[in-house]
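In case you want the letters, here they are:
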Number of protein chains: 2
Amino acid sequence: MAEQVSEQTTNRLSLYLRFLNELEAGGVRTVSSKVLAARFDLNAALIRKDLSHFGDLGVRGVGYVVVDLRQRLRQILGLDRRLNVTIIGAGNLGFALADYPGFRKEGFRIVALFDTLPDKVGRRSRSGVPIHDIRDLKRVARQEQITIAVVAVPAESAQVVVNTVVEAGIKALLNFSPGALRVPPDVKLKSVDLTVSLESLSFHLARGVDRPPRP
Amino acid sequence: MAEQVSEQTTNRLSLYLRFLNELEAGGVRTVSSKVLAARFDLNAALIRKDLSHFGDLGVRGVGYVVVDLRQRLRQILGLDRRLNVTIIGAGNLGFALADYPGFRKEGFRIVALFDTLPDKVGRRSRSGVPIHDIRDLKRVARQEQITIAVVAVPAESAQVVVNTVVEAGIKALLNFSPGALRVPPDVKLKSVDLTVSLESLSFHLARGVDRPPRP
DNA sequence: TGATGTGAAGAACTTCACAGCA
DNA sequence: TGCTGTGAAGTTCTTCACATCA
């Protein structure tokens, strides 16, 4: 239970949790690894392995008790506490993310936007998130107890911004800028590279996605 | 050279290409797998393996000729042709993506937005992308030769929208909605799940990102 | 009986180490 | 000599198969 848990397992835990939310809302009492597997097109053993990292969460012969597993997953994922998020970069993407309803749903709160442009600073996003000057990041981060930063700035300024964020003591970053960024080992950086995603699609189109599957 | 190439390899090819663009702009003649490896914090052998899937692209004792490798990668990734992209969902996120400069850079052209709301249809995004009625998807897709669709709609409508896109003959989808979506085997679906990404960060915060690295 | 938890087998991916060639 | 291309070894992740237990 104290071992390393892989990134892949972690990501799947999120998916399981989302499904458990639905099941609980629907009043379902228990769920088996088989049902979870069917839902996500995964192997049932993989789901049991994923969950077994965190103790014996299931009941033999029965499956997993929905309310219990849901609560446990929320705890494991750290969603049982307040998570204050900031978005750096009040451009189109930053604004869209600030108002993205999906974030709010699982308990994340977008508490601040940051930018450098004087005519943006002082304003608010549509949903009311205030825009601060990036120079105030450290102070605001402490005041608002921000633990996660979303970086949505142009590629050129990405590394500088990331450095600023790290200096402000924030240990978890979700980055939307392209390019290789460096962070200290105690900081967790997760990147969403939109260009890589599109190019991967282009590759599949170029190759032909319908070539015969492995023999 | 005709074998299966893994998703992971494909994604890295995009990164290599981006770096080669910089090198070519800087007038650099050749680059070794070692230099590429240092840049991306990868093993040099991995880079050689990635590239060797596509023939003998390098020169022993020298490395890779920048202009040649760049051109070859663009070809492999299917970027040597026009790639017309549509965005389904003219909400905050859809608009932000439509105007995202990173897409245009590598030759992707956002040619259309789609939505269902009558007061959005007929308008244009800031950068001038016209918004169509989703019911016209099939016609517009053919007219504009759209090969890639970006899905940025609320979770509830995602599967319906994906079905519509598939019916319109589009074989490559980049999806931003949460949840498990189904597509036929000849369609390539790539999903960016923002909630999963944030929850993965939350997990690392909860566990402590600075626990001792593997012994 | 039915579904979990898990050691062992298998598959996929990465790194090592070196032959081979400019 | 220097760097690629690649078989073999190593590592990580997934699936199989079954003992175990409610």
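What you are looking at is a predicted structure, and each value in this text was computed from that prediction instead of being measured. (Residues numbered from 1 in each chain as written. Chains lettered and ligands numbered in written order. Predicted model: local features only at pLDDT ≥ 70, side-chain atom pairs only at ≥ 80, totals over all residues. Heavy atoms only, no water.)

(A) Looking closely at the overall build of chain A. For chain A, the helix and strand inventory stands at nine helices and eight strands. Seen through its principal axes, chain A has C-alpha atoms that stretch 60 × 45 × 35 Å. For chain A, the share of sequence-separated contacts (at least 6 apart) that also reach a separation of at least 24 residues comes to 55%. Total accessible area on chain A is roughly 10700 Å²; 51% of this is exposed by carbon and sulfur atoms. (Helix = DSSP H or I, 4+ residues; strand = E, 2+ residues; numbered from the N terminus. Contact = heavy atoms within 4.5 Å. Areas by Shrake-Rupley, 256 points an atom, 1.4 Å probe, with all protein chains shown as cover.)

(B) Spotlight on the sheet that holds strand β8 (residues 188–191) of chain B. All names here are of chain B. Read across the open sheet, the six strands follow the order β5-β4-β3-β6-β7-β8; overall the sheet is parallel. The sheet is open, and its two borders are formed by β5 (131–133) and β8, each paired with just one other strand. The mean angle between the axes of side-by-side strands here comes to 25°, regardless of whether they run parallel or antiparallel. Pairing between strand β7 (residues 172–175) and β8: four bridges, direction parallel. Counterpart to Leu174 in the pairing with β8 is Lys190. Relative to strand β6 (residues 146–151), helix α8 (residues 155–167) is tilted by about 180°, and along the sheet it contacts β3 (83–88), β6 and β7. (Pairing = 2+ DSSP bridges. Axes fitted to C-alpha atoms, helices over the stretch in contact; angles between N-to-C directions.)

(C) Just the domain arrangement of chain A, in detail. The domains assigned to chain A are domain 1 (7–76) and domain 2 (83–197). Computed over C-alpha atoms only, the centres of domain 1 of chain A and domain 2 of chain A are separated by 31 Å. (Domains from an automatic or database assignment.)

(D) Molecular detail of the protein's contact with DNA strand C. Neighbouring DNA strand C are 24 residues, the closest being Ser33, Arg48, Arg60 and Tyr64 of chain A together with Asn43 of chain B. Backbone atoms, meaning sugar and phosphate, form 61% of the atoms of DNA strand C found within 4 Å of the protein. Elements that contribute at least two residues to the surface near DNA strand C include exactly α3 (44–52) of chain A together with α1 (7–25) and α3 (44–52) of chain B. The element contributing the most residues to the surface near DNA strand C is α3 of chain B, with four residues. The residue inventory of the surface near DNA strand C, partitioned by class, reads six nonpolar, nine polar and nine charged. (Near = heavy atom within 4 Å. Nonpolar A, V, L, I, M, F, W, Y, C, P; charged D, E, K, R; others polar.)

(E) Structural detail: the packing of helix α1 (residues 7–25) of chain A against helix α4 (residues 66–76) of chain A. All names here are of chain A. Contact pair α1 / α4: the axes reach a minimum separation of 9 Å and the direction vectors enclose 140°. Compared by their axis directions, α1 and α4 come out oblique. The handedness of the crossing between α1 and α4 is left-handed. Between α1, through Leu13, Tyr16, Leu17, Leu20, Asn21, Leu23 and Glu24, and α4, the contact on the second element is made entirely by Val66, Val67, Leu69, Arg70, Leu73, Arg74 and Ile76. (Parallel < 35°, antiparallel > 145°, perpendicular 65-115°, else oblique. Left-handed = near helix turned anticlockwise from the far one by under 90°.)

(F) Examining the pattern of salt bridges more closely. Residue and element names in this part refer to chain A. Scanning all chains against the criterion turns up 25 salt bridges over all chains. In this structure, Glu24 and Arg70 form a salt bridge, with 3.7 Å as the shortest nitrogen-oxygen distance. Taken as a pair, Glu24 in helix α1 and Arg70 in helix α4 lie far apart in primary sequence, 46 residues in all. Since its relative accessible area comes to 22%, Arg70 is described here as partly exposed. Residues joined in a network through salt bridges with shared partners are Glu7, Lys188 and Lys190. (Salt bridge = Lys/Arg side-chain N within 4 Å of Asp/Glu carboxyl O. Buried < 20%, exposed > 50% of the residue type's maximum accessible area, 1.4 Å probe, protein only.)

(G) Up close: the relation of the copies chain A and chain B. Of the transformation placing chain A onto chain B, the axial shift is 0.0 Å and the rotation is 180°, giving an RMSD of 0.0 Å. Such a combination of turn and shift is consistent with a two-fold rotation axis. A shared interface surface links the copies, since 99% of the contact residues of chain A are contact residues in chain B too. (Least-squares fit on C-alpha atoms with pLDDT ≥ 70 in both.)

(H) Seen up close, the nonpolar core. Leu73 and Leu97 of chain A together with Leu51, Leu73 and Leu97 of chain B are the most contacted members of the largest nonpolar core, which totals 99 residues. Among all residues touching Leu97 of chain B, those that are not within four sequence positions of it are Leu194 of chain A together with Ile87, Phe103, Val150, Ala152 and Phe176 of chain B. One finds Ala141, Val153, Val166 and Leu181 of chain A within the second-largest nonpolar core, a separate group that totals 22 residues. (Core = buried A, V, L, I, M, F, W, Y, C linked by side-chain atoms within 4.5 Å.)

(I) Focus on the pairing of strand β3 (residues 83–88) of chain A. Residues and elements named next belong to chain A. Most of β3 is tucked away, with six of its six residues classed as buried. Here β3 shows two buried faces, one formed by Leu83, Val85 and Ile87 and the other by Asn84, Thr86 and Ile88. Looking at chain direction, β3 and strand β4 (residues 108–115) are connected through six bridges and run parallel. Directly across from Ile87, in β4, lies its bridge partner Leu113. Across five bridges, β3 lies against strand β6 (residues 146–151) in parallel orientation. Looking at the pairing, Ile87 lines up with Val150 of β6.

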